[in-house]
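# Coordinate analysis (summary)
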Amino acid sequence: MKRYDCLKALAALVGDALVVSSAGAMTLEWYALHPSDGHLRVRTLGLCSSIALGMALGLPRRKIIALDGDGSLLMNLSSLATIARMQPTNLTHIVFDNEVYEASGGKKTATGAGTDLVGMARAAGVRNSRWANSIEEFTVAVSSAIKGGGLCFIGAKVTTERTQVAPFPIDEVENKYRFIRHIEKTEQIEIFKSNLPASYV
Amino acid sequence: MDPIEAAKTIVTGLKSAGINLVATLPDINLSDLLSEVEADRELIHVPLCREEEGIGICAGAYLVGKKCAAIMQNGGFFNSNNAIVSTLLQYQIPLLLLIYYAGDIGDRTFSTTGSMTEPVLQALGIRYYIMRDPGDAVELIKRAQVSTEDAKRPVALLVTKEALGRRAAVASL
């Protein structure tokens, strides 16, 4: 499977779900397919699943989608146990497993030597964990997850093929502000309060 | 104050600072505090397997409007450093860190960890204060929360054994 084709299928289904994507080319492909302020690009390898969990716990009525990679999840496997412990019903954790550290020079990850991330997710306690072996299976799995299937983990084995897309157009701080403003607008809440500076009262 | 009273005071401090999500990993000296956090219905408690997860969880929750604190031992603060740098500092995200000060001066255990704690905080440019008296907890936590929100950088409170209502570290010469 090509990751870009999976992302295309996801773009048609994503609706107003918030998306957190792991560092690497996948983020750029996703942004090219679905530019939105409700998308956070993660820069810390491994942290995608944890950031998505924090969002899911903070906004329990909003669907949160984590777009993770094998190298990233392998670095933060304990997040699977924490996710399972918290059981956020609004979190969909998708892992594109290309069996290499794609953004770091293409060396093989442990999944290339047989580690089964879906098996690990299930053993950690994420009961609804499955491999999607074709675009059709991926589309069905994502569609049922977005329609309210509870906490789920979807693994997709993909090739290392990249699609040429534009670079990510904004830096981390702008990404943060746009994301928060998007939450304020769509959830009708105030996150940045204009506090009276006590020193000048 | 005894440990339970100190724990209740710190939780009062967290709530009066507006904190509503707390990520934690145990140290024996934090036991009563974590039990109070767990028991409080107004706080979302996220027990971690590794402290670095907590930095991500708190960052994610902040981005959707929560006010968060992470409670850990200083060894766990070391575990969290990559996430603190490339998520909190890089994106300018505030976070209140309550760090149990293992290896505090006079403490027989973890003296290497203790000796590196303040230098690492300084190297990262993280403002910190040492909390030694549980009577200061409410005021210090509120102030730290104001500073972290205002600076949009993490702020740390180094919480000593005495601040947790426990016997001072030097008692066993």
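Residues numbered from 1 in each chain as written. Chains lettered and ligands numbered in written order. Predicted model: local features only at pLDDT ≥ 70, side-chain atom pairs only at ≥ 80, totals over all residues.

### Here we look at the overall build of chain B
Looking only at helices and strands, chain B features seven helices and six strands. A globule of 173 residues ought to have a C-alpha radius of gyration of about 16 Å, and chain B, at 15 Å, matches this closely. Sorting the 173 residues of chain B into buried and exposed places 55% on the buried side. Contacts in chain B between residues far apart in sequence, at least 24 positions, make up 74% of those at least 6 positions apart. (Helix = DSSP H or I, 4+ residues; strand = E, 2+ residues; numbered from the N terminus. Rg over C-alpha atoms; globule rule 2.2 N^0.38 Å. Buried ≥ 20, exposed ≤ 12 C-beta atoms within 10 Å, placed from the backbone. Contact = placed C-beta atoms within 7 Å.)

### Some details on the overall build of chain A
Counting its secondary structure elements, chain A contains eight helices and eight strands. In terms of overall size, chain A behaves like a compact globule, its C-alpha atoms giving a radius of gyration of 17 Å where 201 residues would be expected to give roughly 17 Å. Oriented by its inertia axes, the alpha-carbon framework of chain A measures out at about 65 × 35 × 30 Å. Counting all 201 residues of chain A, 46% fall into the buried class. Looking at chain A alone, contacts between residues at least 24 apart form 72% of all its contacts between residues at least 6 apart.

### What about the sheet that holds strand S4 (residues 95-100) of chain B?
All names here are of chain B. One open sheet accounts for six strands, arranged S2-S1-S3-S4-S6-S5; its pairing is parallel. The sheet is open, and its two borders are formed by strand S2 (44-47) and strand S5 (127-131), each paired with just one other strand. Here the strands of the sheet are splayed against their neighbours by 20 degrees on average, with no regard to which way each runs. With five bridges connecting them, strand S3 (residues 68-73) and S4 associate as parallel partners. Considered in S4, the bridge of Gln 73 is made with Tyr 100. Docked against the sheet, helix H3 (residues 51-63) engages strand S1 (21-24), S2, S3 and S4, running at close to 175 degrees with respect to S3. (Pairing = 2+ DSSP bridges. Axes fitted to C-alpha atoms, helices over the stretch in contact; angles between N-to-C directions.)

### Remarks on the sheet that holds strand S7 (residues 129-132) of chain A
All names here are of chain A. Overall, parallel pairing links the six strands, which are arranged S2-S1-S3-S4-S8-S7 in an open sheet. Single-partner strands in this sheet number two, and they are strand S2 (39-41) and S7. Neighbour-to-neighbour, the strand axes of this sheet turn through a mean angle of 20 degrees, independent of strand direction. When strand S3 (residues 64-69) meets strand S4 (residues 91-97), the two strands line up parallel, connected through six bridges. The residue bridging Asp 68 from the neighbouring strand is Val 95, located in S4. Packed onto the sheet, helix H3 (residues 48-58) meets strand S1 (18-21), S2, S3 and S4 and runs at close to 175 degrees relative to S3.

### Remarks on the nonpolar core
If you look at the biggest cluster of nonpolar residues, it comprises 114 residues, and the most contacted ones within it are Val 20 and Met 55 of chain A together with Cys 58 and Ile 99 of chain B. Ignoring any residue separated from it by four or fewer positions in sequence, one finds Val 20 of chain A in contact with Leu 40, Val 42, Cys 48, Ile 51, Ala 52, Met 55, Ile 64, Ala 66 and Leu 67 of chain A. (Core = buried A, V, L, I, M, F, W, Y, C linked by C-beta atoms within 7 Å.)

### A word on unusual backbone geometry
In this model, Gln 188 of chain A sits at a positive phi of 50 degrees, which is unusual for a non-glycine residue. By the secondary structure assignment, Gln 188 of chain A is in the segment after helix H8 (172-187). Under the C-beta neighbour-count criterion, Gln 188 of chain A is labelled exposed, with 7 such atoms within 10 Å. The phi angle at Gln 92 of chain B is positive, at roughly 60 degrees, despite the residue not being glycine. Relative to the elements of secondary structure, Gln 92 of chain B occurs in the loop between helix H5 (81-91) and S4.

### With respect to the pairing of strand S8 (residues 152-157) of chain A
Residues and elements named next belong to chain A. Burial within S8 is extensive, with five of its six residues counted as buried. Relative to S8, S4 runs parallel, the two sharing six bridges. Its bridge partner being in S8, Ile 94 is matched across the sheet by Ile 154. For S7 and S8, the ladder comprises four bridges, and the chain directions are parallel. Its bridge partner lying in S8, Ser 129 is registered against Phe 153. For the segment spanning S7, helix H7 (residues 135-146) and S8, crossover handedness is right-handed. (Right-handed = clockwise from strand over helix to strand, strands pointing away.)

### Digging into the interface of chain B and chain A
By a widely used convention, the size of an interface equals the accessible area lost when the partners come together. Contact with chain B, which involves 26 residues of that partner, is made by 28 residues of chain A. If you list the elements that add at least two residues to the side of chain B that touches chain A, you get S2, H3 and H5 of chain B. The greatest single-element share of the side of chain B that touches chain A, amounting to eight residues, is contributed by H3 of chain B. For the side of chain B that touches chain A, the class distribution of residues is 15 nonpolar, eight polar and three charged. (Nonpolar A, V, L, I, M, F, W, Y, C, P; charged D, E, K, R; others polar.)

### A short note on H7 of chain A
An α-helix turns once per 3.6 residues; consequently, residues spaced three or four apart project the same way. All names here are of chain A. Compared with the 16 Å implied by 1.5 Å per residue over 12 residues, the 16 Å span of H7 between its first and last C-alpha is a close match. Listed in full, the buried residues belonging to H7 are Phe 138, Ala 141, Val 142 and Ala 145. On an axial view of H7, the arc spanned by its buried residues comes to 95 degrees, and they lie on one face. Elements that come into contact with the buried residues of H7 comprise helix H1 (3-11), S4, S7 and S8. (Expected span 1.5 Å × (residues − 1). Arc of directions from axis to C-beta.)

### Focus on helix H1 (residues 3-16) of chain B
Residues and elements named next belong to chain B. Its 14 residues give H1 an end-to-end C-alpha distance of 20 Å, which sits within 8% of 20 Å, the value for a rise of 1.5 Å per residue. For H1, the complete set of buried residues consists of Pro 3, Ala 6, Ala 7, Lys 8, Thr 9, Ile 10, Val 11, Gly 13 and Leu 14. Taken together, the buried residues of H1 touch S1, helix H2 (31-39), S3 and helix H7 (137-151). Directly after H1, the chain includes Gly 18, whose backbone phi takes a positive value near 90 degrees.

In short, geometric facts, not functional conclusions.
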